[in-house]
Structure formats: C-alpha cells, structure tokens
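Here is how the chains run, residue by residue.
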Amino acid sequence: MPRRWPLLPVLLGLGVLAGCGHDEAPRQAGATTTSSTTTSTTLAPATTAAPTTTIQSLPRPPAGPPRALITATGVVVPILGREGAGWAVTTPCERRAHVAGGTLLSGATVVLDPGHGGNETGATGANGLRESDLNLAVAKLAKAGLEAQGAEVVLTRTADYRVTLGARAALAKVLRPRLFVSLHHNGGVDGRSAKPGTETYYQRASVASKRLAGLLYQEERGVFSTYRGIQWWGNVDAGAKYRLNSRGGDYYGILRQTAGVPAAISEALFLSASRPEAELLARPDVQQAEAGAVVRAVRRFLLTRDTGGGFVTPIKRTTPAGSGGGLTGCVDPPLE
Ligand SMILES: [Zn+2]
C-alpha cells in the first residue's frame, strides 16, 4: 500500500541571516588570555562496574516514518517520498533530487543549525577565523555532547557548503525537534564592553523560544565570563532578546521560518570585533567550553522548568543584519 509522505511547505529562500556582519575588525594590542577550567556536562566514560553517578538521559524522538536522511556524503536532506528504489529529497539549495539511500531519520530531539557555509562565510576574525567554520566546529562538539547524554541530534549543515534558510527550516519542520538552535558568532558591534557581549535571539511570540534563549544566554555568558584579561566588545543591549521587522514579525528569517518549533539564535561572542576575542574563539578548549554551555542549556530546557535570564528590551535597530541564506548563487554539495 502506498504511503503518503508529508510534502514540504513552499520554501521561499529570501530571509535574513543572523546579524553577523563583515565589519573590519578594530586592531588591539594582543592581551594574553588566561582561562579557568570549565567542565562540560558529559557522561562519564562507560565502565563495566556500576557507575557512581547517574545522569538522567535526554529524551529521544518517538519512532515514526522516515522524514529526512543523511546521504552517503553526510548531507542531511528532507525526504519528499519514495522514488524507485531510492528517495526523492530536497537539496540544501531547495532543489529536488534523487538519492539511492542513506541513514533514515524519523525525528530529532534537537536540531542544531551551524550558520552560513560555502561562499557565505559570515563574520571573519582578524586572525582569519571564518564564522562558518567556527559555527560548524561548535555545532559538532555540542552534538557529540548531547548525544553522549542520549539525545538524537541532527545538524542542518555538516560540512562547508551553502544551505538556504528555507532548507534549514525545512529540516526543523519535518523532524519536529523539541528545540532548534542556530549557532552564530557576531560581527558589527556598538563598542567596548565590561562583560562578554553574548546575545541570543528568540521568537517573539513563543514563550518556549524565549526560555531557550534565556538559558543559552545564561550558560554562554557564564562560561565566557571565566576568561580573564579579555577586552570584550558588545552591544549596549546585549542579552536575551528579540528583533522585529517592520510588520511586527521576527526579523530573522530562521526564527520566522521555524515557527512552531522553539528556536533561538546564539551569537556567542563578537568574532570580528577584536583580535583577542577572535583568538579566544580559535582555541579548541574555548570552542569545547562554548559547546558545553549549549549542552547544559539544552539539558535545562528539556529537563527543568528554569526560565533562563539576561532578558533585555532591545533598542530599535535599523542597520540590516547580514544578508544571505537565499537561493541566488546557491551551489549544492555532492549528495552521493
Ligand atoms: Zn552569523
């Protein structure tokens, strides 16, 4: 008996990426960085003996029909339906394609969205660190941390290629995760700040999204605050906040197009604001610490009623955030 597969909603590629600009980074004398150790919440290595401590496992999605798949080249694509012996899928550039097979996904606990990719690199640090690479590195570390705690985690982008905002949101819509986090590092900044300039954005109409943004903000700010001797940069209204468009809807396309799934954007620090901040973000231990903060925030979102913190009323901004995420010039990666 033929099964009916859910059809994707019409995908409009135009949107607004999270606000990571391409501003020239002001140069600063290189301050040395010291860091206190941060411990990420991960399960202890498996032992044959009974564990001395137990951590409550994160929930897994319910079983169901396949809704997306991971192709042989590692690209995650929504399934349109059966096609011959294989599958019809939607590519990262929102084209229809056929694949012979792959790892089938029926759902996800968490969808993590590493911002940018391909020729859309996002912000760039004075040390040459590209936001698209940094976002992916942190996403992979957070995925590993969450999976160690039992969650099913899907990335919207798994290597350096373009993915439209519509294709990212489509994965959220078909996989119905408990939450969606878009990982970014900021560009364009108001000025120097006494504290790390962490910002998170939520869907204005969603209480759950606001909570998610508040938890991400608390955990990330907490981690970055442990690094001493850094001259931070930030916006005057740094915090967990929203940004609205002229019609009163969410300004950022990724938050608009994922409506129905609690989603938040994490702008962990300002990659392009100063060389010391970029150098901090280039450190593997700092990327691991940031990923640990994301893991803890997700864990608190799923297992507690914590409301998070750092909520601010944003000042009205008219400067456009980084454009991109559309179909123009989008080149698909090899799927097989
Ligand atoms: Zn970005």
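Quick summary incoming for the structure in this document. Throughout this document, residue positions are counted from 1 along each chain, in the order its sequence is written. At least 70 in pLDDT is required for a residue's local features to be given in this predicted model, at least 80 for side-chain atom pairs to be given and counted, and no such filter applies to totals for whole chains, interfaces and linings, which use all residues.

Notes on the sheet that holds strand S14 (residues 240–241)
Next up, step 1: One open sheet holds the six strands; their spatial order is S8-S7-S9-S15-S11-S14, and the pairing between them is mixed. Both edges of this open sheet fall to strand S8 (153–155) and S14, since each of them pairs with a single strand only.
Next up, step 2: Only strands that DSSP links by at least two bridges are regarded as paired with each other. Secondary structure is summarised from DSSP: a helix means a run of H or I of at least four residues, a strand means a run of E of at least two, and numbering begins at the N terminus for each. The sheet contact formed by strand S11 (residues 199–202) and S14 spans two bridges and is parallel. Note that in S14 the partner of Tyr201 across the bridge is Lys241.
Next up, step 3: Here helix H3 (residues 207–224) sits on the sheet and contacts strand S9 (179–186), S11, S14 and strand S15 (263–270); the angle it forms with S15, its principal contact strand, is near 20 degrees.
Next up, step 4: The contact rule is simple: place each C-beta atom from the backbone, and if two of them lie within 7 Å, those residues are in contact. Axis definition: a line fit to C-alpha positions, over the contact stretch in the case of helices; interaxial angles, taken between N-to-C directions, run 0 to 180 degrees. Packing against the sheet, helix H6 (residues 284–303) makes contact with strand S7 (110–114), S9 and S15, and its axis sits at approximately 150 degrees to S9.

Let's talk about the environment of Thr91
Next up, step 1: Relative to the assigned elements, Thr91 resides in the loop between strand S4 (86–90) and strand S5 (96–99).
Next up, step 2: Remark: C-beta atoms are placed from the backbone, and a residue is labelled buried if 20 or more other C-beta atoms sit within 10 Å of its own, exposed if 12 or fewer do, or partly exposed between those counts. Judged by local crowding, Thr91 falls into the buried class, with 21 C-beta atoms found within 10 Å.
Next up, step 3: Spatially, the C-alpha atom of Thr91 lies 6.8 Å from that of Asp332, the residues being 241 residues apart in sequence.
Next up, step 4: When residues no more than four places from it in sequence are discounted, the contact partners of Thr91 are Val77, Ala97, Asp332 and Leu335.

Things to note about the pairing of S7
Next up, step 1: In terms of residue burial, S7 counts as a mostly covered element, since five of its five residues are buried.
Next up, step 2: Burial of S7 is two-sided: the residues Val110, Leu112 and Pro114 facing one way and the residues Val111 and Asp113 facing the other way are all buried.
Next up, step 3: Sheet analysis places S7 next to S8, joined by three bridges and oriented parallel. The residue of S8 that forms the bridge with Val110 is Val153.
Next up, step 4: In this fold, the crossover linking S7 to S8 by way of helix H1 (residues 131–148) has right-handed handedness. Place the viewer so that the strands point away; then a crossover is right-handed whenever the path from the first strand over the helix to the second strand goes clockwise.

Section: the sheet that holds strand S3 (residues 76–83)
Next up, step 1: A sheet is described by the order of its strands in space; here five strands give the open sequence S5-S4-S3-S2-S6, paired in antiparallel fashion. Two strands lie at the open edges of the sheet, namely S5 and strand S6 (103–105), each paired on one side alone. Strand after strand, the sheet turns through a mean of 45 degrees between neighbouring axes, direction not considered.
Next up, step 2: Where S3 and S4 come together, four bridges link them in antiparallel fashion. Paired with Arg82 across the strands is Trp87, a residue of S4.
Next up, step 3: Together, strand S2 (68–70), S3, S4 and S6 form the strand contacts of helix H2 (residues 165–175), whose direction differs from that of S3 by roughly 65 degrees.

A few points about unusual backbone geometry
Next up, step 1: In the Ramachandran plot, His116 falls in the positive-phi region, its phi being about 65 degrees despite a non-glycine side chain.
Next up, step 2: Tracing the sequence through the fold places His116 in the loop between S7 and H1.
Next up, step 3: The exposure class assigned to His116 is buried, which follows from the 29 C-beta atoms found within 10 Å.
Next up, step 4: With a phi angle near 45 degrees, Arg176 is a residue other than glycine that sits in the positive phi range.

Thoughts on the packing of H3 against H6
Angle between the axes and distance between the axes: these two values describe a pair of packed helices.
Next up, step 1: Across the interface, H3 lies against H6 with an axial gap of 8 Å and an inter-helix angle of 145 degrees. Here H3 and H6 pass one another in a crossing that is right-handed. Of the residues in H6, those touching H3 at Arg211, Leu212, Leu215, Leu216, Glu219, Glu220, Gly222 and Val223 are Ala289, Glu290, Gly292, Ala293, Val294, Arg296, Ala297, Arg300 and Phe301.
Next up, step 2: In this classification, the charged set is Asp, Glu, Lys and Arg, the nonpolar set is Ala, Val, Leu, Ile, Met, Phe, Trp, Tyr, Cys and Pro, and all remaining amino acids, among them Gly, are polar. A class-by-class count of the residues in the contact of H3 with H6 yields nine nonpolar, two polar and six charged. Working rule for handedness: look at the near helix, and if it is turned counterclockwise from the far one by less than a right angle, call the crossing left-handed; if clockwise, right-handed.

Considerations on the pairing of S9
Next up, step 1: In terms of burial, S9 is a largely internal element, eight of the eight residues being buried.
Next up, step 2: Of the strand pairs in this sheet, S7 and S9 are connected by five bridges, and their pairing is parallel. If you follow Val110 over to S9, its bridge partner there is Leu179.
Next up, step 3: Here S9 runs beside S15; their pairing, made up of six bridges, is parallel. Following the sheet pairing, Val181 is matched in S15 by Ala264.

Description of the environment of Trp87
Next up, step 1: As for its position among the elements, Trp87 is in strand S4.
Next up, step 2: Setting aside residues up to four positions removed in sequence, Trp87 forms contacts with Leu69, Ile79, Arg82 and Val99.

A few points about H3
Next up, step 1: To estimate the expected span of a helix, count its residues, drop one, and scale the result by 1.5 Å. Here H3 contains 18 residues, and its C-alpha end-to-end distance of 26 Å stays within 8% of the 26 Å for a straight helix at 1.5 Å per residue.
Next up, step 2: Of all 18 residues that make up H3, 15 are buried, and the element is covered over most of its length.

Considerations on the packing of H1 against H6
Next up, step 1: At a minimum axis separation of 8 Å, H1 and H6 run at an interaxial angle of 50 degrees. When the axes of H1 and H6 are compared, the pair comes out oblique. By crossing handedness, the relation of H1 to H6 is classed as right-handed. Residues Ala137, Val138, Leu141, Ala142, Gly145 and Leu146 of H1 touch H6, and the partners they reach there are Gln287, Gln288, Glu290, Ala291, Gly292, Val294, Val295 and Val298. For classification purposes, angles smaller than 35 degrees are called roughly parallel, those larger than 145 roughly antiparallel, those between 65 and 115 roughly perpendicular, and all remaining angles oblique.

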